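Chain by chain, the residues run as shown.
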2 protein chains.
Amino acid sequence: MSILLNNNGYDNQTWYQALTTAFPDKAVHIYDQIVNLDETAHEIEYAVVWNHPNGDLQRYPNLKGILLLGAGTEHIDADDNIPHVPIVRLIDPEVIKDMGLYVLYWVMDQHRLYDTYRVQQQQAKWHRHNICQPSAFNVTVLGLGAVGKAVANGLSMNGFSVTGWDAYPQQLNNIACFHSTDQLATAVEQADVLVNCLPLNASTQHFINSDLIEQLPVGAMLINISRGDIIDDDALLSALDNNQLSRAVLDTFSIEPLPSASRYWQHPKVTVTPHMSGATYARSAVRLIADNIRRIENGEQPFPLHQPPTP
Amino acid sequence: MSILLNNNGYDNQTWYQALTTAFPDKAVHIYDQIVNLDETAHEIEYAVVWNHPNGDLQRYPNLKGILLLGAGTEHIDADDNIPHVPIVRLIDPEVIKDMGLYVLYWVMDQHRLYDTYRVQQQQAKWHRHNICQPSAFNVTVLGLGAVGKAVANGLSMNGFSVTGWDAYPQQLNNIACFHSTDQLATAVEQADVLVNCLPLNASTQHFINSDLIEQLPVGAMLINISRGDIIDDDALLSALDNNQLSRAVLDTFSIEPLPSASRYWQHPKVTVTPHMSGATYARSAVRLIADNIRRIENGEQPFPLHQPPTP
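Only a predicted model underlies this, so the values are computations on that prediction, with no experimental measurement involved.

### Details of the overall build of chain A
Summing up its helical and strand segments, chain A has eleven helices and twelve strands in all. Computed over C-alpha atoms, the radius of gyration of chain A comes to 21 Å, within 12% of the 19 Å expected from 2.2 N^0.38 for 311 residues, which places it in the range of a compact globule. Dimensions of chain A, computed from C-alpha atoms along their principal axes, come out at roughly 65 × 45 × 35 Å. Looking at chain A as a whole, 54% of its 311 residues are labelled buried. Across chain A, the fraction of contacts at a sequence separation of at least 24, relative to all contacts at a separation of at least 6, is 59%. For chain A, the computed accessible surface area is about 13,800 Å², with 48% contributed by carbon and sulfur atoms. Treating the 18 positive side-chain charges of chain A as one cloud and the 33 negative ones as another, the clouds have centres 11 Å apart.

Pasting the structure below:
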């Protein structure tokens, strides 16, 4: 029995070693280093993959499970030839915590005017700015799945005013939660910062467009830690150019790595980070994946199980 | 009855209005705007002051209380002619929370390598860096008074590994606490970040000197939110220059405003902020001061009461 590993070349060695340590009696094949796929294909029982090429997974006749190396499922959902085996998302609490801290950092960066203080230092200028209390600084979180909930709770725990919105009703302690498109304008109308934690699917493509941006207070900031395609890039760039938005912090993009020609790289109001908001720690993530492989081996149900959309 | 207000010209108008609103039947005199001090002096019953000139407070024969506009007492302690009236520190939970968030921000800035990502953006470079988990990133907090405790608890609550040190034994949940000079080396030997929250007094002057810095792991970062005189500036600058320390984030200095000739302003490894880690919100602070004035008026004890050092 073998494991197919495809993390798109990112940190292959760490993952290879982590899987080999977890399963000393199984061979681990790195996808783009397999010399003769036709010979190896029948050995593969588990595919530990991310952004895997469409159609490839049907080549493994003995496949028993697909273990994604991330929480998003839009790539696997776009593949029309997925074998009928369990598809398991990777939802690592450590990654989710880091995404919460990423958002908290950029919210504090905006609230406390740290960019202004960085510029003042270059000018050797000593000047304090009045700010509002964190409890009067509102952050609206769009999407209250595992990530959105952690982001909202982390901000609230640290004293910020938090509003949540999700397509479906959700409840969080000390956080006003709204749902459905009817309540969207109400959810965002006070947002000093809007944080996108929505999943990417047919109904969230370009969800953050000029209509939604116009509902925000003038000078709001946008943080995107979910998927680039949820944002209408042209609408965002115009809103920044005409000062409707003061700033965007983007960790994720329609095309990754972000092409060097993208206006985002050089835009003075945009912060680009290379999809690092959730740092994946191989050691903690491989434990979750290994536990799920063992569950499938034992005839138990792995989790969190993904239900592919019906075509 | 009148109130003397001296916030060193900082945000005088806000404080004047806040005090006038709290005490509509009392005159509020701004110290450096008093035309005839000899005429006004006998009216003054309460002095709401910060960094007030030495010796001045003995000029008010009817003084009933000194209400400091901050938590530090080193200026009042340096005045040998303080009348025998209650001296009350301002310990505003809102300010303390903000100091905790300030430290959390700079700890995250260091842990997540945000400065590196800022430079990468200028180069349109997409590259993720591996980091350790927050639970493996150690922050040692020196001084576990009200501020140090809040800083330590805030970091711990957000998942960082925290160690505390104080001159006297202290206990905090989930935080290893050390005390006395005997245990100082043990307290700091794992510190990825050292945070100074010590009070300034005779035994803490230049407490952070080359001896202490040498106990830290190579490449540690220093954050100072307490008082500049606790740091030996020459020792800090050499430790930065010879890479013993990777970075210093300084919010407070021996002389404030920091003189434009200071090396700190232009040092590539130093972040200077203008003593803004604890944002004072006049609205919340004035309530605490007003409550203490009312306590003195009613013959009750104000708090937190400061006991000046015996000469």
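### Brief notes about the interface of chain A and chain B
Each partner contributes to the interface: chain A provides 54 residues, whereas chain B provides 54 residues. Approximately 4,800 Å² of surface area, both sides summed, lies buried where chain A meets chain B, with 59% of it carried by carbon and sulfur atoms. At the boundary of chain A and chain B, one finds four salt bridges. Across the salt bridge formed by Arg118 of chain A and Asp109 of chain B, the nearest N and O atoms sit 3.7 Å from each other.

### A few points about the state of the cysteines
This structure, assessed with the given rule, holds zero disulfides over all chains. No disulfide involves Cys197 of chain B; its sulfur sits 13 Å from the nearest other cysteine sulfur, which is in Cys177 of chain B.

### Focus on the environment of Ala282 of chain B
Within the element layout of this structure, Ala282 of chain B appears in helix 11 (residues 282-297). With near-sequence residues (within four places) excluded, Ala282 of chain B lies in contact with Thr14 and Trp15 of chain B.

### Some points on helix 9 (residues 233-241) of chain A
Residues and elements named next belong to chain A. Considered for burial, the residues of helix 9 that qualify are Ala235, Leu236, Leu237, Ala239 and Leu240. At the N-terminal boundary of helix 9, the capping side chain belongs to Asp232, with an oxygen 3.1 Å from the backbone nitrogen of Asp234. Just beyond helix 9, the residue with positive phi is Asn243, at close to 65°.

### Structural notes on the sheet that holds strand 6 (residues 138-142) of chain B
Residues and elements named next belong to chain B. The strand order across the open sheet formed by seven strands is 8-7-6-9-10-11-12, and the pairing between neighbours is parallel. Across the chains shown, the open sheet's two edge strands, defined by having one partner strand only, are strand 8 (176-179) and strand 12 (270-272). Across the sheet, the mean angle separating the axes of adjacent strands is 15° when strand polarity is ignored. The pairing of strand 6 with strand 7 (residues 161-166) spans five bridges and is parallel. Opposite Val141, over in strand 7, you have Gly164 as the bridge partner. Taken strand by strand, helix 6 (residues 146-157) contacts strand 6, strand 7 and strand 9 (193-196), and its axis lies near 170° from that of strand 6.

### With respect to the side chain of Gln110 of chain A
Residues and elements named next belong to chain A. By secondary structure assignment, the location of Gln110 is in helix 4 (residues 93-111). Look at Gln110 and you get buried, because its relative accessible area is 16%. With near-sequence residues (within four places) excluded, Gln110 lies in contact with Phe137, Gly219, Met221, Ser246 and Arg247.

### Overview of the packing of aromatic side chains
Any two aromatic rings considered together are summarised by their centre-to-centre distance and by the angle between their planes. Counted under the stated rule, the structure contains 19 aromatic pairs over all chains. Between Tyr114 of chain A and Tyr102 of chain B the ring centres are 6.2 Å apart and the planes differ by 55°, which places this aromatic pair in the tilted class. Pair noted here: Tyr114 of chain A is in helix 5 (residues 114-122) and Tyr102 of chain B is in helix 4 (residues 93-111), and the two residues belong to different chains. The buried category is assigned to Tyr102 of chain B, whose relative accessible area is 0%. Where Tyr114 of chain A meets Trp106 of chain B, the ring centres are 5.4 Å apart and the plane angle is 80°; that geometry is what we call edge-to-face. Linking Tyr114 of chain A in helix 5 with Trp106 of chain B in helix 4, this pair reaches from one chain into another. Residue Trp106 of chain B is classed as buried on the basis of its relative accessible area, which comes to 1%. Cluster of aromatic residues (ring-pair linked, three or more members): Tyr102, Tyr105, Trp106 and Tyr114 of chain A together with Tyr102, Tyr105, Trp106 and Tyr114 of chain B.

### A closer look at the packing of helix 4 of chain A against helix 5 of chain A
Residues and elements named next belong to chain A. Running from N to C, helix 4 and helix 5 cross one another at 60°; their axes reach a closest spacing of 6 Å. Comparing their axes, helix 5 and helix 4 come out oblique. Of the residues in helix 5, those touching helix 4 at Tyr105, Met108 and Asp109 are Tyr114, Asp115 and Arg118.

### What to know about the domain arrangement of chain A
Residues and elements named next belong to chain A. Domain annotation for chain A reports domain 1 (2-92 + 280-297) and domain 2 (93-272). Its C-alpha centre places domain 1 at a distance of 32 Å from the equivalent point of domain 2. Each side of the interface is counted separately: domain 1 has nine residues, and domain 2 has eight residues. Regarding the contact of domain 1 and domain 2, the summed buried area is about 710 Å², with carbon and sulfur atoms giving 58% of it. When the area that domain 1 buries against domain 2 is broken down by residue, the three leading residues are Glu74, Asp92 and Tyr281, summing to 66%. Linking domain 1 with domain 2 are one salt bridge, by the criterion used here. Between Glu74 and Arg227 there is a salt bridge; the shortest N-O distance is 2.4 Å. Scanning the region where domain 1 abuts domain 2 turns up five residue pairs in polar contact (both at pLDDT 80 or more).

### Structural notes on unusual backbone geometry
The omega torsion of the bond from Phe303 of chain A to Pro304 of chain A falls at -5°, within 30 degrees of zero and hence cis. In this fold, Pro304 of chain A is placed in the segment after helix 11 (282-297). That bond from Glu256 of chain B to Pro257 of chain B is cis: its omega, -10°, falls within 30 degrees of zero. Not every positive phi belongs to a glycine, and Asn174 of chain A is a case in point at roughly 65°. Looking at Asn174 of chain A, the relative accessible area reads 74%, which means it is exposed.

### Thoughts on the relation of the copies chain A and chain B
Mapping chain A onto chain B calls for a rotation angle of 180° and an axial translation of 0.0 Å; the resulting RMSD is 0.0 Å. The symmetry that links the two subunits is that of a two-fold axis. When C-alpha distances to the rotation axis are compared across chain A, the minimum falls at Tyr105 of chain A, with a value of 2.9 Å. Mapped onto chain B, 100% of the interface residues of chain A again fall at the interface, so both copies present the same surface.

### Description of the environment of Leu67 of chain A
Residue and element names in this part refer to chain A. Note on placement: Leu67 falls in strand 4 (residues 65-68). Exposure remark for Leu67: the relative accessible area of 1% places this residue in the buried category. Along the chain, Leu67 and Thr271 lie 204 residues apart, while their C-alpha atoms are 32 Å from each other. Excluding anything up to four places from it in sequence, Leu67 contacts Tyr46, Ala47, Val48, Val49, Val88, Ile289, Asn292 and Ile293.

Rules used throughout
- Residues numbered from 1 in each chain as written.
- Chains lettered and ligands numbered in written order.
- Predicted model: local features only at pLDDT ≥ 70, side-chain atom pairs only at ≥ 80, totals over all residues.
- Heavy atoms only, no water.
- Helix = DSSP H or I, 4+ residues; strand = E, 2+ residues; numbered from the N terminus.
- Rg over C-alpha atoms; globule rule 2.2 N^0.38 Å.
- Buried < 20%, exposed > 50% of the residue type's maximum accessible area, 1.4 Å probe, protein only.
- Contact = heavy atoms within 4.5 Å.
- Areas by Shrake-Rupley, 256 points an atom, 1.4 Å probe, with all protein chains shown as cover.
- Lys, Arg positive; Asp, Glu negative; His and termini not counted.
- Charge placed at Lys NZ, Arg CZ, Asp CG, Glu CD.
- Buried area = accessible area lost by both parts, 1.4 Å probe.
- Salt bridge = Lys/Arg side-chain N within 4 Å of Asp/Glu carboxyl O.
- Disulfide = S-S within 2.5 Å.
- Polar contact = N/O pair within 3.5 Å; in protein donor to acceptor, adjacent residues only side chain to side chain.
- Pairing = 2+ DSSP bridges.
- Axes fitted to C-alpha atoms, helices over the stretch in contact; angles between N-to-C directions.
- Phe/Tyr/Trp six-rings, centres within 6.5 Å; stacked < 30°, edge-to-face > 60°.
- Parallel < 35°, antiparallel > 145°, perpendicular 65-115°, else oblique.
- Domains from an automatic or database assignment.
- Least-squares fit on C-alpha atoms with pLDDT ≥ 70 in both.

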